[in-house]
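# Architecture at a glance
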Amino acid sequence: MTGSAGRFVVGVGARRGAPVDEVIGLVREALREAGAPAGSVVAVATVAAKAGEPGIVAAAAALGVPLRTYPAARLARVPVPHPSAAAAAVGTSSVAEAAALADGGELVVGKRKSGGQGRPGAVTCAIVRLADSSTPGPVPPCGEPGRRT
């Protein structure tokens, strides 16, 4: 999909210690696929258990947006098109898609995995366009990890 106007949330999941470059690279690739300029991103979202992952924190910083975290129990209730057995380790069947969709919107880039060339990926990413693009207000940052404010 290209040329999508609006505000976007980037959902990201990552294995412990995923390389920062791998996280940021996949996020940028997914944004290109969505046709979403980096300036249209209002938040990076993930599961609370991943709030301190350096790659995810760096992706939010690189985009200049807050990192939003959600408890696994909340993400487990979000219907997603591509559930993952790997995500179950943190208590939900989806991290990237569920975190991106947690506050609504339209999934414009479904779960993408990093990796390739014979190596398993350590990162997943999904992009959601928020439903109301006419209101440019920022997404408030999350307070304590696991506690949405």
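Preceding this section is the structure that the text describes.
Just so it is clear, the structure is predicted and the values come from calculations on it, not from any experiment. Counting of residues starts from 1 at the beginning of each chain's written sequence and follows it residue by residue. The predicted nature of this model means local features are confined to residues of pLDDT at least 70 and side-chain atom pairs, given and counted, to a pLDDT of 80 or more, with totals for whole chains, interfaces and linings taken over all residues. Values shown for side chains rest on all heavy atoms present in the structure; no hydrogens or waters enter the calculation.

### Some details on the overall build of the chain
By definition, any uninterrupted DSSP run of H or I lasting at least four residues is a helix, any uninterrupted run of E lasting at least two residues is a strand, and each is numbered from the N terminus. Tallying secondary structure elements over the chain gives four helices and five strands in all. N-terminal to C-terminal, the α/β element order of the chain is β-α-β-α-β-α-α-β-β. Counting only residues that meet the buried cut, the chain has 48% of its 149 residues in that class. Note on definitions: a residue-residue contact is assigned when non-hydrogen atoms from the two residues lie within 4.5 Å. For the chain, long-range pairs separated by at least 24 residues make up 68% of all intrachain contacts whose partners lie at least 6 apart in sequence. Carbon and sulfur atoms make up 55% of the accessible area of the chain, which totals about 7000 Å². Between buried and exposed lies partly exposed: a residue is buried under 20% and exposed over 50% of the maximum accessible area for its type, with that area taken using a 1.4 Å probe on protein chains only. Per-residue accessibility takes into account occlusion by the displayed protein chains alone, with areas from the Shrake-Rupley method and a 1.4 Å probe.

### Structural notes on the environment of Ala49
Examined against the element boundaries, Ala49 turns out to sit in the loop between β2 (41-47) and α2 (54-63). For Ala49, a relative accessible area of 60% gives the class exposed. Sequence separation between Ala49 and Val90 is 41 residues; the distance between their C-alpha atoms is 6.8 Å.

### Side note on the nonpolar core
Definition used in this section: a nonpolar core is a set of buried Ala, Val, Leu, Ile, Met, Phe, Trp, Tyr and Cys residues joined via side-chain atoms within 4.5 Å. In terms of nonpolar packing, the biggest core is built from 27 residues, with Val10, Val12, Val27, Leu31, Val44, Val123 and Ile127 touching the most fellow members. Of all the elements in the fold, those that place two or more residues in this core are β1 (8-14), α1 (20-34), β2, α2, β4 (106-113) and β5 (123-129). Tallying contributions element by element places α1 first for this core, with seven residues. When near neighbours in sequence (up to four residues on either side) are disregarded, Val12 contacts Val23, Val27, Val44, Ala45, Thr46, Ile56, Val95, Ala96, Val123 and Thr124.

### A closer look at α2
Residues of α2 that are buried include every one of Gly55, Ile56, Ala59, Ala60 and Leu63, and no others. When α2 is viewed along its axis, its buried side chains cluster within an angular range of 140° and face the same direction. Contacts made by the buried residues of α2 are with β1, α1, β2 and β3 (67-70). In the stretch just after α2, Gly64 is the one whose phi turns positive, near 70°. This arc is built from the directions going out from the helix axis to the C-beta atoms.

### Some details on the pairing of β3
On β3, burial covers both faces: Leu67 and Thr69 on one face and Arg68 and Tyr70 on the other are all buried. Strand pairing requires that DSSP identify at least two bridges connecting the strands. Bridging between β2 and β3 involves four bridges; their strand directions are parallel. Pairing of Val44 across the sheet is with Leu67, part of β3.

Function cannot be read off these values alone, since they describe shape.
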